Amino acid sequence: MKRRTFLQLGTVIAAGAVLDGCRSKNEQLIPYLIPPDEGITPGKGTYYASSCNACPAGCGILVRVSEGRAKKIEGNPEHPINRGKLCARGQAVVQELYHPDRVPHPLKRNGPRGSGAFTRISWQEGIGLLTDRLKALQREQSTNGLALLTPHLRGTLAELTGRFMRTFGSTNHVSYELLTPDLLRIAARRSFGQPTLPYYDIAETRYLLSFGADFVDSHLSPVKYGSAFGEMRQGRDTVRGHFTYVGGRMSLTAASADRWMPAKPGSEGTLALGIARLILAESLYDSGALAMNGLEAKKLLAALDRYDLPRVAQLSGLPQGAIAEVAREFASTRPALALAGEMVAFQSNGPESVRAVHLLNLLVGSLNRPGGIYPDAGSPSGPENSFAELIALIETMRGGHVKVAMIHGDPLYSVPPATGFHDALAKVPFIVSFSSLLDDTALHADLVLPDHAALESWGDVIPVAGTREPLVGLMQPVVEPLFDTRQFPEVLLATAHELGGRMAAALPDESYLELLKGAVRKQAGFGAGVDFEAAWVDLLQHGGLFKTKSVQPTGYRWSSDAPPPLPEDPDFAGDQKTYPFHLIAYPATAFYDGRGAPYPWLQQLPDPMTTVVWGSWVEINPETAAEHGIGFGDLVEVSSPQGTLRLPAVVYPGIRPDMVAIPLGQGHRGMGRYAQGQGVNPLALVARQGTKQQPAWNATRVRITRISGNGELVTAGHPQGSLRSELVEI
């Protein structure tokens, strides 16, 4: 071919390509072996607003759907909680939808419990089996033989489940989660007379003092508070807020601090009162705030007399100078804000230690002020005694009084064996699971009625915290259900209709969507002249109802009958000589309490502090590791008065020498191919400590023993690359 001819052909081809690129109906050029559904345009994405249920924070999400499949999840910029941001757990929700081990249809057990032997049945047969059991309870006039165990529910689903159980005649309805903020509510009620969780105005504060509140990792609303922390640091031209963290383990949150104070476990409340006493003794307090709350500095100082600096330093293991420096910085920098988190609350003296942190906020005038702390409007009336209710249910099951247990969630994994839950559930003759995967609990069920995935479901999601304005996020199905599954509330409605009589009369709605619409209409306060269907579509397009008619909680004020907080000395399971180390079981950044473990994206996500993937580990201080001859990656046995586990060691300078830490989230017996058999569940080590009302999951002592040099630890890098021991001072 001549050069002239080549250029002429090239011009013609290029012109043809440009003309093709200008055509708008590209779909005509892409052939389909199977014609697409009506309304699907190949390559063109549609975004649906919905809400995330990967943790209680309740962030808003946008789901990109293309060719009938959910492809990507991002944060909803309009949602007041997360403002367009989203964590890794939220982005991995799409893997729930396409998980290869989802339960595709109802199952009936045909082998021993736990064997995983099930037979496929129809929905008619499944609901019939459940209804027959419930009718038998009605005939025997033993309706209290029905138990319903769920995670903490809010909104319309909470109202529906409550009405179902009340109408049936059972009081055995327990909503329980391992990381429940019940103890924070109990502390707030004792201090302020109201059980509302705190709203932290982190973005506007100038001095942040956290007592074990890992607000970047998992505390209450991590996306909200992580974003606010960024504003505190970099959102103001001339102000960069200071951050001090108190806690024995360096978490992701602690690693973001200017100062880390590794206090002894259980001493955090004492440390807070030592800081409070110094503020009072040196007259650094806000006198107006004390007067407004009915407190006198002189009396308060006398009440805190025994929290002098030398004693507090001895109990906390921190230098006197460092404590005094933090106290003066906290009192002299306004606004200042103190937080208390789960690391403190789950000690034997947890609620009183949390109250000691409340007192710090009061002393510096940070109640109900910008840069301080307000009552949160997310879920102002959540449960306060769900652990006590769980223990009562366990006693009822152990006594053989529960004949049918309906379970949503995976309590056989998330409830510590020390409570006796596992043995008690085995005594229940008929167990129904509503899990979408064969998790630990579903493997022991007699009947599995699989729930929809979140992206196939309707619902309202009320955030547990992170907002000063009441709001309701909405969930909507973004794709058609992939399998023969049904949403949990739809099964409850269908069961009520099958039971008939007063059950059908009390739950007359034909669908959960109908019930949900009615609840939202009531919350929005739409009048008779409003076109509700048009308003409903508008709410779905924006992701929820962000202005409700709900009443905001009143501000915090110290209760007139509230005594000064006086935390007792911490109490631990296991004697110090046999079990010399404190065990901390903390929520993993990727898995939270274990609900993120089924998703391979999160299994592959390196832990931000250790870089470990696909497994569990125990964090040991270098000094302790050297004393026991333990190297990085060695197999170690960890024993407590409750149990024994073997797992690889991570020699970690960011932990006290008298502590070891294991992340929660791994160690499932079921939960699909990506979670099953990965790592260990540290709850097997946790002893029953505390009271019936106040679990103390961080109050167990352990011992460690090196087993071998092969712990099969998998990391994406070496953690000492960013945490060199010579840079971390304990």
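All values reported here derive from a predicted model rather than from experimental measurement.

Trainee: Teacher, can you tell me more about the nonpolar core here?
Mentor: A general feature of soluble globular proteins is that nonpolar side chains tend to end up buried together. Counting residues in hydrophobic clusters, the biggest one holds 146 residues, and the most contacted among them are I202, F211, I275, L360 and L455. Here the element with the most residues in this core is helix 8 (residues 268-281); it accounts for eight residues. The contacts of L455, once residues within four sequence positions are left out, are I61, V63, A70, I73, V93, V94, L97, Q476, P477, V478 and V479. One finds I127, L134, L160 and L499 within the second-largest nonpolar core, a separate group that totals 31 residues.

Trainee: Just checking my understanding: could you explain the packing of aromatic side chains for this structure?
Mentor: Any pair of aromatic rings gets described here by the distance separating the centres and the angle formed by the planes. In the structure shown here, the tally under the stated rule is 15 aromatic pairs. Ring centres of F387 and W697 lie 5.5 Å apart, and the angle between their planes is 85 degrees; on these two criteria the pair is classed as edge-to-face. Linking F387 in helix 15 (residues 386-398) with W697 in the loop between strand 24 (659-664) and strand 25 (700-708), this pair joins segments that are 310 residues apart in sequence. The buried category is assigned to F387, whose relative accessible area is 3%. By the ring-pair criterion, three or more aromatic residues cluster together here, those being Y199, Y200, Y225 and Y374. Over the face of the ring belonging to Y98 we find R69, whose NZ or CZ atom lies 4.2 Å from the ring centre.

Trainee: It is not clear to me how the domain arrangement of the protein should be interpreted in this structure. Could you clarify?
Mentor: How big an interface is tends to be expressed through the accessible area that disappears when the partners come together. Domain boundaries in the protein define domain 1 (101-197 + 383-451 + 489-497), domain 2 (198-375) and domain 3 (581-727). A C-alpha centroid distance of 28 Å is found between domain 2 and domain 3. Each partner contributes to the interface: domain 2 provides 21 residues, whereas domain 3 provides 23 residues. Taking both partners together, domain 2 and domain 3 bury about 1800 Å²; carbon and sulfur atoms supply 63% of that area. Joining domain 2 to domain 3, the criterion identifies one salt bridge. Between E619 and R249 there is a salt bridge, with the nearest N and O atoms lying 2.7 Å from each other. Applying the counting criterion to the domain 2 and domain 3 interface returns nine residue pairs in polar contact (both at pLDDT 80 or more). For the side of domain 2 that touches domain 3, the residue count by class is ten nonpolar, seven polar and four charged.

Trainee: Would you mind showing me how to read the sheet that holds strand 22 (residues 635-639) here?
Mentor: Sheets are built from strands that pair by backbone hydrogen bonding, the pairs being arranged parallel or antiparallel. Pairing is mixed around the closed barrel formed by six strands, whose spatial order is 20-24-21-23-22-25. On average, each strand axis in the sheet is tilted by 45 degrees relative to the strand beside it, whichever way the strands run.

Trainee: Would you take a moment to explain the environment of L157 for this structure?
Mentor: Position of L157 among the secondary structure elements: in helix 5 (residues 155-168). On the accessibility criterion, L157 (18% relative accessible area) is buried. When the C-alpha atoms of L157 and Y512 are compared, they prove to be 8.9 Å apart, with 355 residues separating the residues in sequence. Leaving out residues up to four positions away in the same chain, L157 has contacts with D460, F488, P489 and Y512.

Trainee: What exactly am I supposed to notice about the UniProt feature "domain: 4Fe-4S Mo/W bis-MGD-type" (unreviewed entry) in the protein here?
Mentor: With numbering matched to this structure, UniProt assigns "domain: 4Fe-4S Mo/W bis-MGD-type" (unreviewed entry) to residues 45-101. Between the end C-alpha atoms of residues 45-101 the distance is 27 Å, and the span holds 14% helix and 37% strand.

Trainee: I'm lost on helix 6 (residues 182-192) in this one. Help?
Mentor: Burial of helix 6 is extensive: nine of the eleven residues sit out of reach of the surface. Buried residues of helix 6: D182, L183, L184, R185, I186, A187, A188, S191 and F192, and no others. Looking at the buried positions of helix 6, the neighbouring elements they touch are strand 12 (336-340), helix 13 (342-345), helix 14 (350-363) and helix 15.

Trainee: I'm lost on the packing of helix 5 against helix 18 (residues 488-499) in this one. Help?
Mentor: For any two helices packed against each other, the geometry comes down to the angle between their axes and how far apart the axes lie. Put simply, helix 5 and helix 18 touch, their axes get as near as 11 Å, and they point 25 degrees apart. In terms of orientation, helix 5 lies roughly parallel with respect to helix 18. Like other packed secondary-structure pairs, helix 5 and helix 18 cross with a definite hand, here left-handed. Judged by residue contacts, L157, L160, T161, F164 and F168 of helix 5 engage F488, P489, L492, L493, T495, A496 and L499 from helix 18. When grouped by side-chain class, the residues that make up the contact of helix 5 with helix 18 number ten nonpolar, two polar and no charged.

Trainee: Would you mind going over the confidence of the model for the protein with me for this structure?
Mentor: In low-pLDDT segments, the atomic positions of the prediction should not be examined closely. Overall, the predicted model of the protein reaches an average pLDDT of 91, with 91% of residues at or above 70. When the criterion is pLDDT under 50, residues 1-30 qualifies, and its contacts beyond four places in sequence or with other chains add up to four contacts. Below a pLDDT of 50 lies the segment residues 724-728, which in the model reaches five contacts outside its immediate sequence neighbourhood of four places, other chains included.

Calculation rules
Residues numbered from 1 in each chain as written. Predicted model: local features only at pLDDT ≥ 70, side-chain atom pairs only at ≥ 80, totals over all residues. Heavy atoms only, no water. Core = buried A, V, L, I, M, F, W, Y, C linked by side-chain atoms within 4.5 Å. Buried < 20%, exposed > 50% of the residue type's maximum accessible area, 1.4 Å probe, protein only. Helix = DSSP H or I, 4+ residues; strand = E, 2+ residues; numbered from the N terminus. Contact = heavy atoms within 4.5 Å. Phe/Tyr/Trp six-rings, centres within 6.5 Å; stacked < 30°, edge-to-face > 60°. Lys NZ or Arg CZ within 6 Å of the ring centre and 35° of its normal. Domains from an automatic or database assignment. Buried area = accessible area lost by both parts, 1.4 Å probe. Salt bridge = Lys/Arg side-chain N within 4 Å of Asp/Glu carboxyl O. Polar contact = N/O pair within 3.5 Å; in protein donor to acceptor, adjacent residues only side chain to side chain. Nonpolar A, V, L, I, M, F, W, Y, C, P; charged D, E, K, R; others polar. Pairing = 2+ DSSP bridges. Axes fitted to C-alpha atoms, helices over the stretch in contact; angles between N-to-C directions. UniProt positions renumbered as here; feature names shortened; annotations may be inferred. Parallel < 35°, antiparallel > 145°, perpendicular 65-115°, else oblique. Left-handed = near helix turned anticlockwise from the far one by under 90°. pLDDT = per-residue confidence, 0-100.

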